[in-house]
Amino acid sequence: MFIEDLRTDFYDVLLGNRVLLLVHYDVDAICTCKILQELFKCDNISYTLVPVGGIVDLKTAYEENNEEIKYVVLVNCGGTIDLVEVLQPEEDVVFFVLDSHKPTDICNVYSDGQVRLVYKDSEENIPNFDDIFRDDEDEDEQPAESGMEALEAVVEKRRERREWEERRHTLMFNYTQFSYFGKPSACVALEVSRRVSRGARGAAWACGVALAAHAALHARTPARCVLDADDLHRRISSQPETDHASCRVVLEKDVWLPLYRSWSLEAALRHAPLIGPALKLHTLAGEGRLRQLLANMGYPLSQARQAYRAMDVELRRGVRAALERACPGAARAAFLLRRPLAADLPALDMVYAIMALIEHESLPKATGFQHALSALDVTEISPAVTLGVTSAQMALQACLKVVNAILSARKLMRAGPFSYFIVPEGTAEARWLRGPLWLSLAARWAAAAQLRAPQPLVASAALDDHTCILLGLPPRFDQEPRNLFGAAFEQAAAQCGAAISLDRMESAVITLPTAQRPQFLDALTSLLA
């Protein structure tokens, strides 16, 4: 069921109770967790925080921590599965779900109150209750008539039942065929903080990072991203700017380049997912295009190749205007954290830093999760930010090297209705692409850099010696990110008998035995042909 009031039906219920907080490993979920942590700290709400990566982790975390717990808050996990069926909770346990993964499981939508959905996205076209659920008790009763009339009554009921089942199947297929993302959960958490009068700058910054993540990762259409950011924009615009001794969040036009303040301008352009694919650096003319772009901007190589902070002051101040002239659309409104005696920190940089921390090549995921939470602090400059930025640079370099190697060697294979590539095993760069965040970035880069018309793309990388990860990307991911690969993967696995794992929260991301990958791709080709 959907709650009516964020304060009365959600936050006030948690006051005075111990809460189990289950949080998914993604940027939006970590930002939402940071906001909720600040709220819980202000109101002395005790909680147990457990990060979860999939459905198995979710079930394990609940079973290990549900003692004397009556309220569970799930962030970006649990919304797309039947929670009561999976977790088998006691009847007095209540689940509050903030999940941007869509579509929401229909059993959660029509729960009698044990599962409470904190926000309803306007994009969800949820079927009516009577079209999905049916009371069959009347069908079990013996008809009052006898003879031919009784037989006709039974036949009529069966016909109505078949028609209802066909309508239900069509409705459920239309409702579940695409997976997509709704409004960032951090925006909902920010609204909760406003309702309870806890307007901390930390909440605004975390929400800004989550919004930047949805835009950078193409989780939402560009128009939806603008609408999602409107509430935060109005909120920070209404704040007084008299206190310059403390940090504040601002919205300014900035170049959409990752980590350029911590990198060189040339490196930032080379590794920018918005610009890099258009330069086609895997071709012989790629480097020439990059140098030509810098020349059009009016920046000599000697300046562009040194650290951004060491550049000539006038050139540094003119980066945005120069890049806009040379590459229209490369600058857009962006949230920045402005602190005294420190350089501005763009939300975009924090997105890549958090991605690198939670999908680090060597850090345990739980450790990276804690570092990511620490990196969102606004009261002080956390060492986790430096670690995240450095790691993000390494991850972007790995993505670029892998994609360029695949494209230059013509290993982006055409399989009829879609293209696919497999990350070469045994390379140092492959270790960065074992998670869905960086692998999907490499897939988007390859899709944008290919010469032919846009088409669906499948990317795969080894998780270990026997298992691989596989994800699907829609053809026009930057304009319409709705993804049908989740349903297609299930059908292809049923056809070929592949032992795929649907443990991930994103249905378009699966794992399967590496030995079964060729037959699975053949079945997927046959299905989508």
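Look a little higher up for the structure.
All residue numbers refer to position in the chain's written sequence, counted from 1. The predicted nature of this model means local features are confined to residues of pLDDT at least 70 and side-chain atom pairs, given and counted, to a pLDDT of 80 or more, with totals for whole chains, interfaces and linings taken over all residues. Side-chain figures throughout are based on the complete set of non-hydrogen atoms in the structure, without hydrogens or water.

1. Things to note about helix α17 (residues 319-326)
The α-helix winds at 3.6 residues per turn, so residues separated by three or four positions along the chain end up facing the same way. Exposure classes here rest on a 1.4 Å probe applied to the protein chains alone. A residue is buried below 20% of its type maximum, exposed above 50%, and partly exposed in between. Here a strand is any run of E in DSSP of at least two residues, a helix any run of H or I of at least four, and the numbering for each starts at the N terminus. Within the span of α17, buried status applies to V319, A322 and L323. Down the axis of α17, the sector holding all buried residues measures 95°, keeping them to one side. Pairs of residues are marked as contacts when any of their non-hydrogen atoms sit within 4.5 Å. Looking at the buried residues of α17, the elements they touch are β8 (248-255), α12 (265-270), α14 (286-297) and α16 (313-317). Taken from the helix axis, the directions to the C-beta atoms give the arc we talk about.

2. Brief notes about helix α19 (residues 365-375)
Within α19, burial applies to G368, F369, A372, L373 and A375. Along the long axis of α19, the arc covered by the buried residues comes to 160°, so they all point the same way. Where α19 is buried, its residues meet β1 (19-24), α2 (27-42), β2 (47-52), α18 (347-358) and α20 (383-408).

3. Section: unusual backbone geometry
With omega at 5°, the peptide bond leading from K102 into P103 counts as cis. For P103, the location among the structural elements is in the loop between β5 (101-102) and α5 (106-109). One non-glycine residue, L259, lies in the positive phi region at around 65°. Relative to the helices and strands, L259 is located in the loop between β8 and α12.

4. A look at the sheet that holds strand β10 (residues 345-346)
Spatially, 3 strands are ordered β8-β9-β10 in an open sheet, and the strand pairing comes out antiparallel. On the outer flanks of this sheet lie β8 and β10, each paired with one strand and no other. A pair of strands is treated as paired once DSSP finds two or more bridges between them. Pairing analysis gives 2 bridges linking strand β9 (residues 331-338) to β10, with the strands arranged antiparallel. By the bridge assignment for β10, L337 is matched with L345. Packing against the sheet, α17 makes contact with β8 and β9, and its axis sits at approximately 40° to β8. Here an angle of 0 to 180 degrees is reported between the N-to-C directions of two axes, which are lines fitted to C-alpha atoms, with helices fitted over the stretch in contact.

5. As for the packing of helix α9 (residues 185-195) against helix α10 (residues 201-216)
Interaxial distance between α9 and α10 falls to 9 Å at its minimum, and their mutual angle equals 160°. Judged by the angle between their axes, α9 and α10 are roughly antiparallel. You can see that α9 and α10 cross each other, and the crossing is left-handed. Between α9 and α10, the contacting residues are A186, C187, L190 and S193 on the first element and A203, A204, A206, C207, A210 and L211 on the second. Think of it as three bins: nonpolar holds Ala, Val, Leu, Ile, Met, Phe, Trp, Tyr, Cys and Pro, charged holds Asp, Glu, Lys and Arg, and polar takes everything else, Gly as well. Of the residues contributing to the contact of α9 with α10, the split by class is 9 nonpolar, 1 polar and no charged. Here is the rule for angles: anything less than 35 degrees is roughly parallel, anything more than 145 is roughly antiparallel, 65 through 115 is roughly perpendicular, and the remaining ranges are oblique. Crossings are assigned a handedness: left-handed for a near helix turned anticlockwise from the far helix by less than a right angle, right-handed for a clockwise turn.

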